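# Observations on the three-dimensional arrangement
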Amino acid sequence: MYDYLIVGAGLFGAVVAHELTQQGKSVLVIDKRSHIAGNVYTEQTEGIHVHVYGAHIFHTNNTAVWQYVNQFAHFNRFTNSPVANYKGELYSLPFNMYTFNRMWGVVTPEEAAAKIAEQRKEITGEPRNLEEQAISLVGRDIYEKLIKGYTEKQWGRDCKDLPAFIIKRLPVRLTFDNNYFNALYQGIPVGGYTQMVANMLKGIEVRLSTDYLTHREELNGLARKVIYTGALDALFDYRLGYLHYRSVRFETELLDMPNYQGNAAVNYTDRETPYTRIIEHKWFEFGKDEEGNDLPKTIISREYSSEWKPGDEPYYPVNDEENLSLYAKYRALAEENPKLVVGGRLGDYKYYDMDQVIASALQCSEGLLSDF
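The present account deals with the structure reproduced in this document. Numbering of residues starts from 1 in every chain and runs along the sequence as written. For this predicted model, a pLDDT threshold of at least 70 governs which residues receive local features, and a threshold of 80 or more governs which side-chain atom pairs are given and counted, while totals over whole chains, interfaces and linings are taken from all residues. Hydrogens and waters are ignored; side-chain quantities use all the structure's heavy atoms.

## A look at helix 3 (residues 97-104)
- The buried label applies to any residue whose accessible area, calculated with a 1.4 Å probe on protein chains only, is under 20% of its type's maximum; exposed applies above 50%, and partly exposed to all values in between. Secondary structure elements are defined from DSSP: runs of H or I of at least 4 residues count as helices, runs of E of at least 2 residues count as strands, and each element is numbered from the N terminus. All buried positions along helix 3 are accounted for by Met 97, Thr 99, Phe 100, Met 103 and Trp 104. The buried residues of helix 3 occupy an angular sector of 155° when projected down its axis, which confines them to one face.
- Polar contact is the term for a pair of N or O atoms within 3.5 Å; when the atoms are in protein, one must be able to donate a hydrogen and the other to accept it, and sequence-neighboring residues count only if both atoms are side-chain atoms. With a side-chain oxygen positioned 2.7 Å from the backbone nitrogen of Tyr 98, the residue opening helix 3 is Asn 96.
- Two residues or fewer past helix 3, Gly 105 is found with a positive phi of approximately 80°. Of all possible arcs, the one meant is that of the directions from the helix axis to the C-beta atoms.

Below, the structure written as structure tokens:
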């Protein structure tokens, strides 16, 4: 009999498994996929660590979390500086002086601020939707070229039909700073995320290609407590209805050329281009292999956003009032079972950054150890 069965070998499950094992608890980790590391899974092809489920860039202001992950991996100095492509016009992201110079030809922060202030006047009352909220923050030009098309592809809805709160704050910098994240610490684990998670799970029993929901009775009998990191509505066979997500489909291609787009991420912000962005994986590690040699080939992934349906991979929770209310009902059902602990991105129905997942997992581990 194990002390804990952990359902899911992603970041949350791996951190909790590591912490409990360090304190002498017996742990079994299972995952329905054929690999560990959940959505941060990377696999090596032609010397390139491919982010199979989309780009993951570690960034945090939490020093304790940064010190924690550095036990399991060395991080490179990658800085996220995406580029926006609007019908062949290239703009720097986040919105900064390079963006404003390209958009309007302004040269000084004062000129840029005046241009934004002038365009913001279009919205007079309280913004009623995402379109009005965005224009009230950055003006019509930036909204039309860099926000509207991308957002509508991402959410599958017109910006006028999306709530204002989705875009309450937009980073607007009157400096020449292309660093997307306001984070003290940032980088990509050398050797890829899969290796980092493998280091967390070292010495712990892991069973892959094992579907908890199909074999739950048998699996529940193996442990005193179950830590579940999957979708909560699936755990209860969707008896109260489906929680909604946005999903993402990837088209990944190996190209016989050294450089496709010159940047790790290029966002396609017009409505007509069907994909939201293209990731060129080699640039997360500066186009070099582990020995520091230039890589002759490259791998790109086009990302297509779509409405989630059963059977798809759930990526982004749709945290509107209706879904949060339904989630609260499922959470109440989960809390009726003293043997069950729920956590992680899907379990908590939250859009977590990686550092938030790890902080949440550490907090969960502390609670479990104090209760045991």
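Structure shown, so let's carry the discussion forward.
## Points about helix 12 (residues 354-371)
- Given the number of residues in a helix, its expected span is that number minus one, multiplied by 1.5 Å. An ideal rise of 1.5 Å per residue puts 26 Å on 18 residues; helix 12 measures up with 26 Å between its terminal C-alpha atoms.
- Along helix 12, the residues classified as buried are Met 354, Asp 355, Val 357, Ile 358, Ser 360, Ala 361, Leu 362, Cys 364, Ser 365 and Leu 368.

## Comments concerning the packing of helix 5 (residues 130-138) against helix 6 (residues 140-155)
- Inter-axis angles, ranging from 0 to 180 degrees, are taken between N-to-C directions of lines fitted to C-alpha atoms, where helices are fitted over the stretch in contact. Look at helix 5 against helix 6: their axes get within 9 Å of each other, and the N-to-C directions meet at 140°. As far as their axial angle goes, helix 6 and helix 5 are oblique. Helix-helix and strand crossings are classified by hand; for helix 5 and helix 6 the assignment is right-handed. Here helix 5 contributes Leu 130, Glu 131, Ala 134, Ile 135 and Val 138 to the contact with helix 6, which in turn contributes Arg 140, Ile 142, Tyr 143, Ile 147, Lys 148 and Thr 151.
- Three classes are used, and their members are as follows: Ala, Val, Leu, Ile, Met, Phe, Trp, Tyr, Cys and Pro are nonpolar, Asp, Glu, Lys and Arg are charged, and the others, Gly among them, are polar. Grouping the amino acids of the contact of helix 5 with helix 6 by side-chain chemistry returns seven nonpolar, one polar and three charged. By definition in this entry, angles of less than 35 degrees are roughly parallel, angles greater than 145 are roughly antiparallel, angles of 65 to 115 are roughly perpendicular, and the rest are oblique. Each crossing gets its hand from how the near helix is turned against the far one by less than a right angle, where anticlockwise is left-handed and clockwise is right-handed. In this analysis, two residues are considered to be in contact whenever any of their non-hydrogen atoms come within 4.5 Å of each other.

## Quick word on the pattern of salt bridges
- Basic side-chain nitrogens of Lys or Arg form a salt bridge, by our definition, when they fall within 4 Å of a carboxyl oxygen of Asp or Glu. Considering all chains together, one arrives at 22 salt bridges under this definition.
- The closest approach of N and O atoms between Glu 152 and Arg 271, which form a salt bridge, is 3.5 Å. Separated by 119 residues along the polypeptide, Glu 152 in helix 6 and Arg 271 in the loop between strand 12 (265-268) and strand 13 (277-280) bring together distant segments of the chain.
- For Arg 271, a relative accessible area of 41% puts it in the partly exposed group.
- A salt bridge links Glu 251 to Arg 249; the nearest nitrogen and oxygen atoms lie 3.3 Å apart.

## Section: the packing of helix 1 (residues 11-22) against helix 12
- In the contact formed by helix 1 and helix 12, the axes pass within 8 Å of each other and the chain directions differ by 35°. Of the two possible hands of crossing, helix 1 and helix 12 adopt the one that is right-handed. Where helix 1 approaches helix 12, its residues Leu 11, Phe 12, Val 15, Val 16, Glu 19 and Leu 20 are matched on the opposing element by Met 354, Val 357, Ile 358, Ser 360, Ala 361, Leu 362, Cys 364, Ser 365, Leu 368 and Leu 369.
- Looking at side-chain class alone, the contact of helix 1 with helix 12 contains 13 nonpolar, two polar and one charged residues.

## Focus: the sheet that holds strand 1 (residues 2-7)
- We treat two strands as partners when DSSP finds at least two bridges between them. Strand order in the open sheet formed by five strands is 9-2-1-10-16, and the pairing between neighbours is parallel. At either margin of the open sheet sits one strand with a lone partner, and together these are strand 9 (205-207) and strand 16 (340-342). When strand polarity is set aside, the average angle formed by the axes of neighbouring strands in this sheet is 20°.
- When strand 2 (residues 27-30) meets strand 9, the two strands line up parallel, connected through three bridges. Note that in strand 9 the partner of Leu 28 across the bridge is Glu 205.
- Sheet strands in contact with helix 1 are strand 1, strand 2 and strand 10 (223-228), and its direction is about 165° off that of strand 1.

## Some details on the side chain of Asn 85
- By the secondary structure assignment, Asn 85 is in strand 6 (residues 83-86).
- A distance of 2.8 Å separates a polar atom in the side chain of Asn 85 from the backbone nitrogen of Gly 88.
- Apart from the residues lying within four places of it in its own chain, the contact partners of Asn 85 are Leu 90, Val 266, Asn 267, Tyr 268, Thr 269 and Asp 270.

Keep in mind that these numbers describe shape and distance, not what the molecule does.
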